[in-house]
Amino acid sequence: MAKFYLTTPIYYVNARPHIGHTYTTVVGDAIARYKRMLGDEVVFLTGTDEHGQKIERSAKAARMEPQKFVDRIANEYRSLWDSLDLRYDRFIRTTEWRHERAVHNLLCKARDAGYIYKGTYEGLYCVSDELYVDDPTAEGKCPLCGRELEKISEENYYFKLSAFADRLLELYNRPGLPFVQPESRRNEVISFVKGGLRDLSVSRTSIKWGIPWPDDDKHVVYVWYDALTSYMSGVGYGDDELQFEKMWPADLHLIGKEILRFHAVYWPAFLMAADEPLPKRVVAHGWWTFEGEKMSKSRGNIRLAQPIANVLGVDALRYFLLREMVFGQDGSFSYEALLTRYNSDLANGLGNFASRTLAMIEQYFGSVVPTAAPATDSSLAALSADRQAAALRHYEKFEFSSALQSIWDLIAAGDAYLTREKPWTLAADPARRVDLGIVLYNAAELLRIVSMLAHPVLPHSTQKIWAQLGQKTLLAGERIDQIQWGGLKPGTQIEKGEALFPRIQKEDAIERMDQMEEEIRSEGAPKPAAPAAASSAAPAAAAATAPAADNRIGIEDFAKVEMRVGEVKSAERVPNADKLLMIMVDIGSEVRQVVSGIAQFYEPEKLVGRKVVVVVNLAPRKLRGVESNGMIVAASVGPEGKPVLAGFLEDVPVGTRLK
Ligand code: ME8
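A brief look at the structure comes next.

About the cut-offs
- Residues numbered from 1 in each chain as written.
- Predicted model: local features only at pLDDT ≥ 70, side-chain atom pairs only at ≥ 80, totals over all residues.
- Heavy atoms only, no water.
- Helix = DSSP H or I, 4+ residues; strand = E, 2+ residues; numbered from the N terminus.
- Buried < 20%, exposed > 50% of the residue type's maximum accessible area, 1.4 Å probe, protein only.
- Lys, Arg positive; Asp, Glu negative; His and termini not counted.
- Salt bridge = Lys/Arg side-chain N within 4 Å of Asp/Glu carboxyl O.
- Contact = heavy atoms within 4.5 Å.
- Pairing = 2+ DSSP bridges.
- Axes fitted to C-alpha atoms, helices over the stretch in contact; angles between N-to-C directions.
- Near = heavy atom within 4 Å.
- Polar contact = N/O pair within 3.5 Å; in protein donor to acceptor, adjacent residues only side chain to side chain.
- Areas by Shrake-Rupley, 256 points an atom, 1.4 Å probe, with all protein chains shown as cover.
- Nonpolar A, V, L, I, M, F, W, Y, C, P; charged D, E, K, R; others polar.

## Notes on the side chain of Lys54
Then, in step 1: With respect to the element layout, Lys54 can be found in helix H2 (residues 53-61).
Then, in step 2: Among buried charged residues, Lys54 stands out as having no salt bridge; its nearest opposite-charge side chain is Asp129, 5.2 Å away.
Then, in step 3: Dropping the residues within four chain positions of it, Lys54 is found in contact with Tyr12, Asn14, Val127, Ser128 and Glu130.

Structure representation (structure tokens):
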């Protein structure tokens, strides 16, 4: 049995996970499921990157002890992956003691081999990317993220990166499996190394939140040296040698393209210095963009995975992420595209083909798979073999979008077959019963094969189809590379279940997802003490519960929320959004546009002239394409969170601040 060890990046815990992080983890999960269906022994690692200045600052901003802060966000990552059924085998946190030991091990081996020395760094540093920038063309801005650089001067330990240029170039140019993929990224790395490598500072004295340097605790280990080592500590390096020997080197590091240099240049050099085996390959994917920019927590333009999973199901989320993004390129995220895919490919495509096939077997053959004898449709069998081979070729190269296209070709062929053969007409003629059986057998067999092929991407719905087709095994245990036409046994009892992907009304789904996003955000990370307020999109159920004692805030936190008395000047419904009103509200200094989720409970025209309480210092955000510059405060009443607007018994001048 071949082993296959793959990793995602370990994610920073300075903010909660978004669609970008979910994407990489979904890709990893799908590859792991695919490899398991080939019979490989798979270990899939993910985890969290918990040290460094960025985290230290985030914890400080949240007024929390760093360890408590990182515990909380690491937990969020873990529970999100669990709730999405993303089946990692190892979850490594860089604050675990076994990880610290592994970092010391690797570092000491490099030091003992003479690749680490002491020196002074004076220059610019990007806190966000934890990167020294000595590029004279940088003009004070980080070349990776564009943020302002900070000037620092530190005595540090240096890693002799410059000693590895030749060996690295050899690695990129080795014959056979390329170390870096796709090709465009490999070229990028080659030209970076050819441009000249400078030694790299691998310790910091300016921060405390990190792994202490072995034998010199004035320094902590550079966060990237620390983080990259998690790929080894996660499988037992310096702790469980037996396990480590079995799993290392990693077969695949899956990353986003912005962290290519760390993985394809620094990491192999760190390993060469310590004389450890190198990972087999690094594969970089593109970015999800949202409204034209990279989706990222620092830009604040993120979308979350949970609302999609809650409204459309986990499989729909996976399908969209893997079908819509051409692996390696950037992809543009929108709810609109998500729902178009859902309705066309899942509801009308797979869902409909499954339900009509199963319904006809139920209706015409009493839920028993008919026999295909004396003939099967050889053209369908041939097409199936051809598309199977194509899907596997694409899976091998992680080209999920193309693999799914090949599988969906089979669904389209099945639909066309039913339309052409018209089993409903055959059923009306008792003399054609054998033909009817053949047609429905072929359709069901095609469905069985589709469910096997699509399993790595749609694990839950394909398992349901599998069971509906009367299969008693777990689909995950089947061999995806050994599918044979004719595997479905005539006489098998099928069971038509409920629709797998019910058609969904676009506007309604978007509204529900928007509302959930808003609710999750207002729960806060780090958790703000919620005033009993409705969110600007909809009443937040969570706001109805009193904050727990350990979530109490000081008056200075409360003072950060600027609430003022406003008067509604006009209100109208947001088109295609049942719950949203666009309200122009006079707050004394100006008239503000606020979008509020109260449309089901307040008639817009009756609001005009009403005094309301407005949170005026919220960052602007768009709801269904309409900008909202604040939030109207309401109580959230009852289990459905009915909003009741806050108001005053006495008359209060517009613009007055609430304290
Ligand atoms: O970089 N589109 O952590 P991180 C696609 N801790 N993928 C995205 C994405 C987007 N818009 N945004 C994030 C770190 N990702 C380091 C890694 S590894 C030893 C240390 C995904 O929390 C993508 O995989 O910033 C990217 O590389 C990763 O999240 C960055 O996560």
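## Focus: the sheet that holds strand S4 (residues 116-126)
Strand pairing in a sheet relies on backbone hydrogen bonds. The paired strands run either parallel or antiparallel.
Then, in step 1: Here four strands make up an open sheet; going across it, the order is S5-S4-S6-S8 and the pairing antiparallel. The open sheet terminates on both sides in strands that have one partner only, identified here as strand S5 (131-133) and strand S8 (200-201).
Then, in step 2: As paired strands, S4 and S5 are joined by three bridges and run antiparallel to one another. If you follow Cys126 over to S5, its bridge partner there is Leu131.
Then, in step 3: Those strands touched by helix H10 (residues 260-273) are S5, strand S6 (150-159) and S8, and its axis lies near 35° from that of S6.

## Quick word on helix H12 (residues 314-324)
Then, in step 1: Of all eleven residues making up H12, ten are buried, and the element is well covered by its neighbours.
Then, in step 2: Within H12, burial applies to Val314, Asp315, Ala316, Leu317, Arg318, Tyr319, Phe320, Leu321, Leu322 and Arg323.

## Quick look at the site of the ligand
Then, in step 1: Lining the immediate environment of the ligand, one finds 24 residues, of which Ile10, Thr24, Asp49, Glu258 and Trp288 sit closest.
Then, in step 2: In the environment of the ligand, an oxygen atom lies 2.6 Å from a nitrogen or oxygen atom belonging to the side chain of Thr24.
Then, in step 3: Backbone polar atom of Trp288 to a nitrogen atom of the ligand: 2.8 Å apart, as the coordinates give it.
Then, in step 4: Contact with the protein chains hides 96% of the accessible area of the ligand, taken as 670 Å² for the molecule alone.
Then, in step 5: Counting residues per element, the ones that place at least two in the shell around the ligand are strand S1 (3-12), helix H1 (19-36) and helix H7 (223-228).
Then, in step 6: With four residues, S1 is the single largest residue contributor to the shell around the ligand.
Then, in step 7: A class-by-class count of the residues in the shell around the ligand yields twelve nonpolar, eight polar and four charged.

## Some details on the pairing of strand S13 (residues 282-285)
Then, in step 1: Alternating residues of S13 divide into Val282 and Ala284 and Val283 and His285, and every residue in both groups is buried.
Then, in step 2: As defined by bridge partners, strand S7 (residues 180-181) adjoins S13 across two bridges and the pair is classed as parallel. Its bridge partner lying in S13, Val180 is registered against Val282.
Then, in step 3: Summarising the sheet, strand S12 (residues 252-256) and S13 pair through four bridges and their orientation is parallel. Bridging across to S13, Leu254 finds its partner in Val283.

Functional significance is not addressed by these values, which are geometric in nature.
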